[in-house]
Amino acid sequence: MKNIITMVVMCMAFLCANTANAQKKEASSNKLTPMESIVCAVDKDFSIVRNDQTRRNTFTLRHRKTLKYAFSTKFEKYLDTFSLDGKPFIAVATWNPAFNYMWGAYIRDGKEWKQILQQQYTELSVIKEDGEPTRIKCTNIDGTQSTYTLQELLTKKP
């Protein structure tokens, strides 16, 4: 009789341990790894997360609560300007061995982040002047400079 009771207790302990372990794994999926840290907020819902696991110490843009990626691009640099004409905005650079850092830009349109520059640029800056719409100044690989307003970028067809 003792053996049966011991066996039942052992089975219950084993089942409870597996259930607790499964719940722990689900909860941990919404946490950063030990090598990741939140750098700063981009808007009320998204933050930049730094990953120190690799040599390049890449950044990603993630939702604050779910930690889901806003877009798949990992980046090494970003501009400190996070708003463009009142919309959440981020300009990011990835390393390219042939051309140094290559810049791209994303804007939040509703719940999604949308790429607003259709190509990558070697230099990118945000120009804010009183009485003028905010502009993005870009330098192409060949040195050609272009300036765009947000309205131009949103109405431009790829």
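Within any chain, residue numbers begin from 1 and follow the written order of that chain's sequence. The predicted origin of the model limits local features to residues at a pLDDT of at least 70 and limits the giving and counting of side-chain atom pairs to 80 or more, whereas totals for whole chains, interfaces and linings rest on all residues. Excluded from the side-chain calculation are hydrogens and water; included are all heavy atoms of the structure.

(A) Examining the confidence of the model for the protein more closely. Along the chain, pLDDT gives the predictor's confidence residue by residue, from 0 to 100. Across the protein, pLDDT averages 84, with 81% of residues at or above 70. Least confident of the elements in the protein is helix 1 (residues 2-28), whose mean pLDDT is 54; most confident is strand 4 (residues 77-78), at 96. Any two residues whose heavy atoms approach within 4.5 Å are treated as being in contact. Contacts of residues 19-28 to residues separated by more than four positions or lying in other chains number zero contacts, the stretch itself having pLDDT below 50. Counting from the N terminus, the helices are the DSSP runs of H or I reaching at least four residues and the strands are the DSSP runs of E reaching at least two.

(B) Broad picture of the sheet that holds strand 10 (residues 135-139). Across the sheet, three strands lie side by side as 9-10-11; this open sheet has antiparallel pairing. The sheet terminates laterally at strand 9 (123-127) and strand 11 (145-149), the two strands that pair on one side only. Averaged over neighbouring strand pairs, the angle between their axes works out to 20 degrees when direction is ignored. Two strands make a pair as long as DSSP finds a minimum of two bridges between them. For helices, the fitted line uses only the C-alpha atoms of the stretch in contact; every axis is such a line through C-alpha atoms, and the angle between N-to-C directions lies from 0 to 180 degrees.

(C) Spotlight on the nonpolar core. By size, the foremost hydrophobic cluster in this structure holds 19 residues, and its most contacted members are F89, I116, L117, L124 and I136. At the level of elements, strand 6 (87-96), strand 7 (100-109), strand 9, strand 10 and helix 2 (150-155) are the ones that each hand at least two residues to this core. A per-element tally of this core places strand 7 first, with four residues. When neighbours within four sequence positions are excluded, I116 is seen to be in contact with F89, A105, Y106, I107, I136, L150, L153 and L154. In terms of nonpolar packing, the next biggest core, distinct from the first, is built from 14 residues, L61, F71, Y78 and I90 among them. Put simply, buried Ala, Val, Leu, Ile, Met, Phe, Trp, Tyr and Cys residues joined by side-chain atoms within 4.5 Å make one nonpolar core. For every residue, the accessible area obtained with a 1.4 Å probe (protein chains only) is divided by the maximum for its type, and the residue is called buried under 20%, exposed over 50%, and partly exposed between those limits.

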